[in-house]
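Structural overview
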Amino acid sequence: MAILRAREEGATFGAIAEAAGTSSQAVQEIVRRHGPVKRSEPKTGVSDPG
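Residues numbered from 1 in each chain as written. Predicted model: local features only at pLDDT ≥ 70, side-chain atom pairs only at ≥ 80, totals over all residues. Heavy atoms only, no water.

1. A short note on the pattern of salt bridges
Just so we agree on the cut-off: The term salt bridge refers to a side-chain nitrogen of Lys or Arg lying within 4 Å of a carboxyl oxygen of Asp or Glu. Here a helix means four or more residues in a row that DSSP labels H or I, a strand means two or more in a row labelled E, and each is numbered from the N terminus. When a residue's accessible area, from a 1.4 Å probe over protein chains only, is under 20% of the maximum for its type it is buried; when over 50% it is exposed; and in between it is partly exposed.
Tallied over the full model, the rule gives two salt bridges. With a closest N to O distance of 2.6 Å, E29 and R32 form a salt bridge. Taken together, the residues E29 and R32, both in helix α3 (residues 24-34) and three residues apart, mark about one turn of the helix. Using a relative accessible area of 27% as the deciding quantity, one classes E29 as partly exposed. The exposure class of R32 is exposed, given its relative accessible area of 59%. Salt bridges sharing common partners tie together E29, R32 and R33.

See below:
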């Protein structure tokens, strides 16, 4: 999850790989397989017209 969250927040594959002690190709594969992080918190700035 930390890899996916870091990527979502804009960290490069290389920076994530260095921090995780793996290759950037491995990081890319993790992101590809597991996709974007699904957040459970509500989005800010969305008003309810009701």
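2. Notes on the environment of S24
For the record, the criterion: Whether two residues are in contact is decided by their heavy atoms, any of which lying within 4.5 Å being enough.
Examined against the element boundaries, S24 turns out to sit in helix α3. Note: C-alpha distance between S24 and G14 (10 residues apart in sequence) is 5.2 Å. Aside from chain neighbours lying at most four places away, what touches S24 is F13, G14 and A17.

3. Some thoughts on the confidence of the model for the protein chain
Applied cut-off: Each residue gets a pLDDT score, which is the predictor's confidence in that residue and runs from 0 to 100.
Here the protein chain shows a mean pLDDT of 83. Residues at 70 or above account for 70%. Per-residue pLDDT, averaged within each element of the protein chain, yields its smallest value for helix α1 (residues 2-8) (94) and its largest for helix α2 (residues 13-20) (96).

4. Brief notes about the environment of A26
In this structure, A26 sits in helix α3. For the pair A26 and F13, spaced 13 residues apart in sequence, the C-alpha separation works out to 9.0 Å.

5. Structural notes on the packing of α2 against α3
Using the following cut-off: Helix axes are fitted only over the stretch in contact, all axes being lines through C-alpha atoms; the angle between N-to-C directions runs from 0 to 180 degrees. Throughout, the term roughly parallel applies to angles under 35 degrees, roughly antiparallel to angles over 145, roughly perpendicular to angles from 65 to 115, and oblique to all others. Under the convention adopted here, Pro, Cys and the residues Ala, Val, Leu, Ile, Met, Phe, Trp and Tyr are nonpolar, Asp, Glu, Lys and Arg are charged, and Gly plus all remaining residues are polar.
The N-to-C vectors of α2 and α3 enclose an angle of 105°; their axes lie 8 Å apart at closest approach. The orientation of α2 relative to α3 falls into the category roughly perpendicular. Residue-level contacts link F13, G14, I16 and A17 of α2 to S24, V27, Q28 and V31 of α3. Its residues assigned to classes, the contact of α2 with α3 comprises five nonpolar, three polar and no charged.

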